[in-house]
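# Structural features, examined
These are the residues of each chain, in order.
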Amino acid sequence: MDGPRGLPEGRSTFYRNEGGGTFRDATEEAGFADGGSGYFLGVASFDYDNDGDADVYVANDSGPNRLYRNRGDGTFEEAGTLTGCAYNGDGRLQGSMGVGFGDLDGDGWLDLAVTNFAHDYYVLYRNLGSVASRTAAHHPLG
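Thresholds, definitions, all that
- Residues numbered from 1 in each chain as written.
- Predicted model: local features only at pLDDT ≥ 70, side-chain atom pairs only at ≥ 80, totals over all residues.
- Heavy atoms only, no water.
- Pairing = 2+ DSSP bridges.
- Helix = DSSP H or I, 4+ residues; strand = E, 2+ residues; numbered from the N terminus.
- Axes fitted to C-alpha atoms, helices over the stretch in contact; angles between N-to-C directions.
- Core = buried A, V, L, I, M, F, W, Y, C linked by side-chain atoms within 4.5 Å.
- Buried < 20%, exposed > 50% of the residue type's maximum accessible area, 1.4 Å probe, protein only.
- Contact = heavy atoms within 4.5 Å.
- Phe/Tyr/Trp six-rings, centres within 6.5 Å; stacked < 30°, edge-to-face > 60°.

## Quick notes on the sheet that holds strand β5 (residues 40–46)
If you trace the 4 strands from one edge of the open sheet to the other, you get β5-β6-β7-β8, paired in antiparallel fashion. Of all the strands in the sheet, the pair left with one neighbour each is β5 and β8 (76–78). Averaged over all neighbouring strand pairs, the angle between strand axes comes to 20 degrees, with direction disregarded.

## Comments concerning the nonpolar core
Ala44, Phe46, Tyr48, Tyr57, Leu67, Ala79, Cys85, Leu112, Val114, Val123 and Tyr125 together form the largest nonpolar core, which totals 11 residues. Elements that contribute at least two residues to this core include exactly β5, β10 (111–116) and β11 (122–127). Once residues within four sequence positions are removed from consideration, Cys85 is found in contact with Tyr57, Asn65, Leu67, Gly80 and Tyr125. Core analysis: the second largest hydrophobic core is formed by 8 residues, Phe14, Ala26, Val58 and Tyr68 among them.

## Quick notes on the packing of aromatic side chains
Taken as a whole and assessed by the stated rule, the structure comprises 5 aromatic pairs. Ring geometry for Phe32 against Tyr68: centres 4.5 Å apart, planes inclined by 55 degrees, an arrangement best described as tilted. With Phe32 in the loop between α1 (27–30) and β4 (37–38) and Tyr68 in strand β7 (residues 66–70), the pair connects residues that are 36 residues apart, well separated along the chain. Assessed through its relative accessible area of 2%, Tyr68 is described here as buried.

## With respect to the pairing of β7
Taken across its 5 residues, β7 has 5 buried, putting it largely inside the fold. The two faces of β7 match: Arg66, Tyr68 and Asn70 on one face and Leu67 and Arg69 on the other face are all buried. Note: strand β6 (residues 55–60) against β7, 3 bridges, orientation antiparallel. Following the sheet pairing, Val58 is matched in β7 by Arg66.

What follows is the structure, given as structure tokens:
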């Protein structure tokens, strides 16, 4: 089998910390239900837009990757396509497996590195730091 197609897709679940060592499913109310189903394999939480709250990136094998922007009120909006990190630089789906972040160019904005399945190149999404346009530059890795 080459890739996950034909296998049942899963749904991302967002758990909210209720304190006292308990969590509850808050997927719908937080805005993650709109992400649909897929083959989600990697997740990273970081502040991509430098507004002081944690955003969430989800790597999806054979579907669009998701970047959820934290609205600061307990809800998130999907911004992967708008920011340019849902697909590769050619506008194609990839077999995304893992994700990491860091300020690779020292400009104060966190960048994303996404690893992909065999025979597909890895991608560095360089955060251009424009909160208004929230764009990314694609750089193949590997």
